[in-house]
Amino acid sequence: MHPDKLSSLLETELPGMAWSMQPSDLEKFGQDWTRFHDPQAAVVFFPNDIKEVQKIIQVANRHQQVVIPSGGRTGYSAGAVATAGEWVVSMVRFNQISDFNAIDQTVKVGAGVITEQLQHFAEEHGLFYPVDFASAGSSHMAGNIATNAGGIRVLRYGLTRDYVLGLTVVTGAGEILHLNKGLVKNASGLDFRHLFIGSEGILGFVIEAEIKLVSPPPNQAVMLLALSSLDAVMSVFALARGTLQLSSFEFFSDRALKHVMSHRGFDNPFEDLHPFYVLLEFDEDEDQAMHVFESGMESAWVNDGIIAQSIDQAQQLWQYREGISESIAHYTPYKNDISVKISQVPQFMQQLEDVLAAEYPDFETIWFGHIGDGNLHLNILKPESMDTAAFKTQCESVNQHVYGLIDSFAGSISAEHGVGLIKKPFLPYSKSAEEIRLMQQVKQVFDPNNVMNRGKVVD
Amino acid sequence: MKILVAIKRVVDYNVRVQVKPDGSGVATDGVKMSINPFDEIAIEEALRIKEQGKADEVVVVTIGNSDSQQQLRTAMAMGADRAVLVETDSAVQPLQAAQVLLKIIEEEQPGLVITGKQAIDDDNNQTPQMLATLWNRPQATFASQVEFTGDNKLNVTREVDAGLETIQVELPAVVSTDLRLNEPRFVKLPDIMKAKRKPLETKVLADVAPDLQGQMIEVLSHEAPQPRSKGVMVESVDELINILKDKGLVG
């Protein structure tokens, strides 16, 4: 639709609605953190309330126009990217936290509440919102819900799904649903709440959520261990899990560390470089921490180790892990976010290493991830001289091998980033033809005209 | 030369401090405690001086309850050679702290005393100055750079309101550290093991300073700061000006 025609249509059918067709807004809100598509949004809406979202959907249905929910735009799967003149609906104005209830330990968050905003709110009320990850300072709660975001404390606290007690949504047909209404127990038929969690915007808009908060854990200690080999990573995990009350067990490779050091100007935390590092967060217990370290040293799994002496130092150690994505962003990395059962991680990683050595001999590969959840982030860096499109094509051809291996381990091609556009061609490696067909049919139930985020996840 | 570093155990800088409901103090049960950040910088500086070969021993001292051993062990894991705990369960005010530290100085005879410019719990910023006065030695406060000149003198760059000021002091002297002096190192796990074998001497406050003056300041009550009222977003400059006019803040 020509911009002039579109703007007159919007003036007539959506009077009083806030929207923008400024090229800078179209670019900003038409994409996430991926850089493989040129953002091509037609318009960006900034609705103020649920009624306005409903109106946008009704008008979109009338004109067979695709709408894309837009949150903090930190996605890694192009799940919120506009590529074909779609209408983008930004939820930035839904940024209120309300209805805190100390007895239920619940709180209502608008779609556009930033993760960190909720974490701070919980802390101010003596409680804790445990879902956390590197982009917590930007990501929106509705985006977390739409991708069932995980992050760094899944090992102990689970995923976003485990904290959603109620959802208010607008479906692709324009219906407003209040799902589960904040109840802990509710055995009254199908729970559509869980369909919307992880739906990546293909069923409708998440407008508001009731979120469960928990009691904060005791003081946390943070330890960074330098390991001798890949095998040692899982051995140390088994050891630490049996000894400490772990909240996080994260790993990264020496290459990941080098990128963080050069990007952030950090010193090497150790004198030497080591093949792999693991970062552990756990309930403070120096004797047990020392036991893990010493046993690890005796078994020659652990080369060296640091333990934070203040919260400030704990945050510094976390920077070595959380700074990785940012430090490699300018290489236009091709991100694989994969998972297998925890027990199969060592075998899987060994075989994956072989595949990588054979298929990506010239590309720099960066390993890191939430290994305590069986979740690995494998990033392939684009050589500077290579064209982005050619790089993506080559990565996708190698994916056949990588995802074939994941399939043989009954793993997932997307552990926490979602499918979006980027992983859609590879969905059959994780979901059967029957499951994919049923997904399409479920989408049709909530969104009969296929206006919600069309082309993402499934066709 | 021996360096004496005075440190204090405080509620960790990043903890959201809660006042006890009866206003008698700040809640510390189950709260993360750490070395006062300025004192951590003091330890780091002393260790760097020793590593440059300009000192041969770093002794760390604190005044506090027996839990303070934990912070002394941390200081020794960072690299301090030994530690002295002057044990007391009572709160110690700056002049008393300075008097106790003077006794330790008389015993240890250090060539240099380094300590944080203030403790982040009471923010007094008085102990180093009082200590230098009682000791009758020079003081270089708010140091952001420390350099040995070779003739038993120190050039110290100080962070002052107008910028940076460099002064020269003759040793022995008291240096108090500012935030930009250095970045303290991480503690290695093997060094925590080693620190367990380093000497930690505990003295009773009444034995160290039997003639200590009583507390000169009485704390009446503690109160949390009033919560700030929420800001409002305005759509335009005109709206902002109107609001300011309504509140009588602009003419």
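Position labels on residues start from 1 in each chain and follow its written sequence. Both sets of labels track the order of writing: A upward for chains, 1 upward for ligands. With pLDDT at 70 or above as the cut-off, local features in this predicted model cover only qualifying residues; side-chain atom pairs require 80 or more to be listed or tallied, and sums for whole chains, interfaces and linings still use all residues. Where side-chain values are given, they derive from all heavy atoms of the structure, hydrogens and water being excluded.

### Let's talk about the overall build of chain A
Argument step 1. The helix and strand labels rest on DSSP assignments: H or I over at least four residues marks a helix, E over at least two residues marks a strand, and numbering proceeds from the N terminus. Each helix and strand in chain A was counted, giving 15 helices and 16 strands.
Argument step 2. Throughout, the radius of gyration refers to the C-alpha atoms, and the reference size of a globule is 2.2 Å times the residue count to the power 0.38. Relative to its length of 459 residues, chain A is compact, with a C-alpha radius of gyration of 23 Å against a globular reference of 23 Å.
Argument step 3. Principal-axis analysis of the C-alpha atoms places the extent of chain A at approximately 75 × 55 × 45 Å.
Argument step 4. Type-normalised accessible area, obtained with a 1.4 Å probe on protein chains alone, sets the label of each residue: buried when under 20%, exposed when over 50%, and partly exposed for intermediate values. Per-residue burial for chain A yields a buried fraction of 56% across its 459 residues.
Argument step 5. Per-residue accessibility takes into account occlusion by the displayed protein chains alone, with areas from the Shrake-Rupley method and a 1.4 Å probe. Carbon and sulfur atoms make up 48% of the accessible area of chain A, which totals about 18500 Å².
Argument step 6. Each charge class in chain A was averaged separately, 32 positive and 56 negative side chains, and the resulting centres sit 10 Å apart. The convention is simple: Lys and Arg are positive, Asp and Glu are negative, and His and the chain ends are not counted. Where a charge lies is defined by one atom per residue type: Lys uses NZ, Arg uses CZ, Asp uses CG and Glu uses CD.

### Some words on the overall build of chain B
Argument step 1. Across its full length, chain B carries 7 helices and 12 strands.
Argument step 2. The contact rule is simple, with two residues in contact once any of their heavy atoms fall within 4.5 Å. For chain B, the share of sequence-separated contacts (at least 6 apart) that also reach a separation of at least 24 residues comes to 71%.
Argument step 3. With 28 positive and 38 negative side-chain charges, chain B shows a spacing of 5 Å between the two charge centroids.

### Let's talk about the packing of helix α8 (residues 230-243) of chain A against helix α13 (residues 345-359) of chain A
In helix packing, the relevant descriptors are the interaxial angle and the interaxial distance, both defined with respect to the helix axes.
All names here are of chain A.
Argument step 1. Axes here mean lines fitted to C-alpha atoms, for a helix over just the part in contact, with angles spanning 0 to 180 degrees between N-to-C directions. The geometry of α8 relative to α13 is characterised by a closest axis approach of 9 Å and an angle of 165 degrees between their N-to-C directions. Compared by their axis directions, α8 and α13 come out roughly antiparallel. α13 is crossed by α8, and the crossing has right-handed handedness. Residue-level inspection shows Leu230, Asp231 and Met234 of α8 in contact with α13, the latter providing Val345, Pro346, Met349, Gln350 and Glu353.
Argument step 2. The nonpolar class holds Ala, Val, Leu, Ile, Met, Phe, Trp, Tyr, Cys and Pro. Asp, Glu, Lys and Arg form the charged class, and all remaining residues, Gly among them, are polar. Residue composition of the contact of α8 with α13, grouped by class: 5 nonpolar, 1 polar and 2 charged. Under this scheme an angle from 65 to 115 degrees is roughly perpendicular, one under 35 degrees roughly parallel, and one over 145 degrees roughly antiparallel; angles in between are oblique. Helix crossings are classified by the rotation of the near helix relative to the far one: an anticlockwise turn of less than a right angle makes the crossing left-handed, while a clockwise turn makes it right-handed.

### Some points on unusual backbone geometry
Argument step 1. Cis peptide bonds are those with omega within 30 degrees of zero, and the linkage from leucine 171 of chain B to proline 172 of chain B qualifies with -5 degrees.
Argument step 2. Position of proline 172 of chain B among the secondary structure elements: in the loop between β9 (163-170) and β10 (173-177).
Argument step 3. Residues other than glycine seldom take positive phi values, yet alanine 410 of chain A does so here, at roughly 55 degrees.
Argument step 4. Within the fold, alanine 410 of chain A resides in the loop between α14 (388-408) and α15 (433-446).
Argument step 5. Even without a glycine there, the phi angle at asparagine 450 of chain A is positive, about 55 degrees.

### Let's talk about the pairing of strand β9 (residues 204-212) of chain A
All names here are of chain A.
Argument step 1. By the criterion of burial, β9 is predominantly enclosed, with 7 of the 9 residues buried.
Argument step 2. Sheet topology note: the strand β6 (residues 106-110)/β9 ladder contains 5 bridges and is antiparallel. Looking at the pairing, valine 107 lines up with isoleucine 211 of β9.
Argument step 3. Two strands are said to pair when DSSP picks up at least two bridges between them. Summarising the sheet, strand β7 (residues 164-171) and β9 pair through 7 bridges and their orientation is antiparallel. Its bridge partner being in β9, threonine 168 is matched across the sheet by glutamate 208.

### Description of the packing of aromatic side chains
Argument step 1. Aromatic pairing here means that ring centres of Phe, Tyr or Trp (its six-membered ring) are within 6.5 Å. Orientation follows from the plane angle: under 30 degrees is stacked, over 60 is edge-to-face, and everything else is tilted. The final tally for this structure, using the stated rule, is 19 aromatic pairs over all chains.
Argument step 2. Judged by centre distance (5.6 Å) and plane angle (70 degrees), the ring pair of phenylalanine 128 of chain A and tyrosine 157 of chain A falls under edge-to-face. Taken together, the positions of phenylalanine 128 of chain A in the loop between α4 (115-124) and α5 (141-147) and tyrosine 157 of chain A in helix α6 (residues 154-157) put the pair 29 residues apart, joining distant regions of the chain. As far as burial versus exposure is concerned, phenylalanine 128 of chain A and tyrosine 157 of chain A are alike and both buried.
Argument step 3. Ring-pair connections join several aromatic residues into one group, and the members of that group are Phe192, Phe196 and Phe446 of chain A.
Argument step 4. In this structure, lysine 335 of chain A packs its charged tip against the face of tyrosine 76 of chain A, placed 4.3 Å from the ring centre.
Argument step 5. By the criterion adopted, a ring carries a charge over it if an Arg CZ or a Lys NZ lies within 6 Å of its centre and within 35 degrees of its normal. Taking the ring centre of phenylalanine 142 of chain B as reference, the NZ or CZ of lysine 117 of chain B above it sits at 5.5 Å.

### Observations regarding the domain arrangement of chain A
All names here are of chain A.
Argument step 1. Here chain A is partitioned into domain 1 (3-92), domain 2 (97-212), domain 3 (220-326) and domain 4 (332-439).
Argument step 2. Taking only C-alpha atoms, the centre of domain 2 and the centre of domain 3 are 31 Å apart.
Argument step 3. Contacts between the two partners involve 8 residues from domain 2, matched on the other side by 13 residues from domain 3.
Argument step 4. Between domain 2 and domain 3, a total of about 820 Å² is buried, with carbon and sulfur atoms accounting for 48% of that surface.
Argument step 5. The largest per-residue losses of area from domain 2 upon contact with domain 3 belong to Ile152, Leu155 and Arg156, which jointly make up 74% of the total buried on that side.
Argument step 6. A carboxyl oxygen of Asp or Glu within 4 Å of a side-chain nitrogen of Lys or Arg is what we treat as a salt bridge. In this assembly, domain 2 and domain 3 are joined by 2 salt bridges.
Argument step 7. Within 3.5 Å is the distance limit for a polar contact, defined as a pair of N or O atoms, with the added protein rule that one can donate a hydrogen and the other accept it, and that residues adjacent in sequence qualify only through two side-chain atoms. Counting across the domain 2 and domain 3 interface gives 5 residue pairs in polar contact (both at pLDDT 80 or more). Each domain's extent was defined by an automatic or database domain assignment. The term buried area denotes the loss of accessible surface (1.4 Å probe radius) that occurs when two parts are joined, taken as the sum for both partners.

### Topic: the interface of chain B and chain A
Argument step 1. The interface of chain B with chain A comprises 21 residues on the first partner and 27 residues on the second.
Argument step 2. Of the roughly 2200 Å² buried between chain B and chain A, counting both surfaces, carbon and sulfur atoms make up 54%.
Argument step 3. Area buried by chain B at its contact with chain A is led by Phe186, Lys188 and Leu189 of chain B, which between them contribute 34% of it.
Argument step 4. Note that lysine 32 of chain B is salt-bridged to glutamate 284 of chain A, the shortest N-O span being 2.8 Å.
Argument step 5. Viewed at the interface, chain A and chain B are joined by 10 residue pairs in polar contact (both at pLDDT 80 or more).
Argument step 6. If you list the elements that add at least two residues to the side of chain B that touches chain A, you get β11 (187-188) and α5 (189-196) of chain B.
Argument step 7. With 5 residues, α5 of chain B is the single largest residue contributor to the side of chain B that touches chain A.
Argument step 8. Grouping the constituent residues of the side of chain B that touches chain A by class yields 9 nonpolar, 4 polar and 8 charged.

### A few points about the sheet that holds strand β12 (residues 276-283) of chain A
Argument step 1. Spatial ordering of the open sheet is given by β14(A)-β16(A)-β15(A)-β11(A)-β12(A)-β10(A)-β13(A)-β11(B), a layout of 8 strands whose pairing is antiparallel. For this open sheet the edge positions go to β14 (334-339) of chain A together with β11 of chain B, each flanked by a neighbour on one side alone.
Argument step 2. When strand β11 (residues 246-253) of chain A meets strand β15 (residues 364-370) of chain A, the two strands line up antiparallel, connected through 2 bridges. By the bridge assignment, phenylalanine 251 of chain A is partnered in β15 of chain A with glycine 369 of chain A.
Argument step 3. Where helix α10 (residues 286-298) of chain A meets the sheet, it contacts β10 (220-227), β12 and β13 (302-307) of chain A, and its direction lies at approximately 160 degrees from that of β13 of chain A.
Argument step 4. Together, β14 and β16 (375-381) of chain A form the strand contacts of α14 of chain A, whose direction differs from that of β14 of chain A by roughly 10 degrees.

### Observations regarding the nonpolar core
Residues and elements named next belong to chain A.
Argument step 1. Only buried Ala, Val, Leu, Ile, Met, Phe, Trp, Tyr and Cys residues count toward a nonpolar core, and they belong to the same one when joined by side-chain atoms within 4.5 Å. Membership of the largest hydrophobic core comes to 96 residues, with the highest contact counts inside it found for Met223, Leu225, Phe249 and Leu280.
Argument step 2. If you tally residues by element for this core, the top one is α8, at 8 residues.
Argument step 3. Core analysis: the second largest hydrophobic core is formed by 60 residues, Leu6, Val43, Phe133 and Ala142 among them.

### Let's talk about the side chain of serine 70 of chain A
Argument step 1. Mapped onto the elements, serine 70 of chain A comes out in strand β3 (residues 67-70).
Argument step 2. The contact partners of serine 70 of chain A, leaving out residues within four places of it in the chain, are Phe29, Val88, Val89, Ser90 and Met91 of chain A.

### Focus: the environment of alanine 80 of chain B
Residue and element names in this part refer to chain B.
Argument step 1. Among the structural elements, alanine 80 can be located in the loop between α2 (69-78) and β5 (82-87).
Argument step 2. Its relative accessible area of 0% is what places alanine 80 among the buried residues.
Argument step 3. Each C-alpha atom, one on alanine 80 and one on valine 237, is 58 Å from the other, the two residues being 157 residues apart in sequence.
Argument step 4. Discounting residues that sit within four places of it in the chain, alanine 80 has contacts with Leu47, Val58, Val60, Ala75 and Lys198.

### Things to note about the sheet that holds strand β8 (residues 176-179) of chain A
All names here are of chain A.
Argument step 1. The strand order across the open sheet built from 5 strands is β5-β6-β9-β7-β8, with neighbouring strands paired in antiparallel fashion. In the strand order of this sheet, the two ends are held by β5 (97-101) and β8, each with one partner. Mean inter-strand twist for the sheet, computed between neighbouring axes without regard to direction, equals 15 degrees.
Argument step 2. Contacting β7, β8 and β9, helix α3 (residues 50-62) runs over the sheet at an angle of about 45 degrees to β7.

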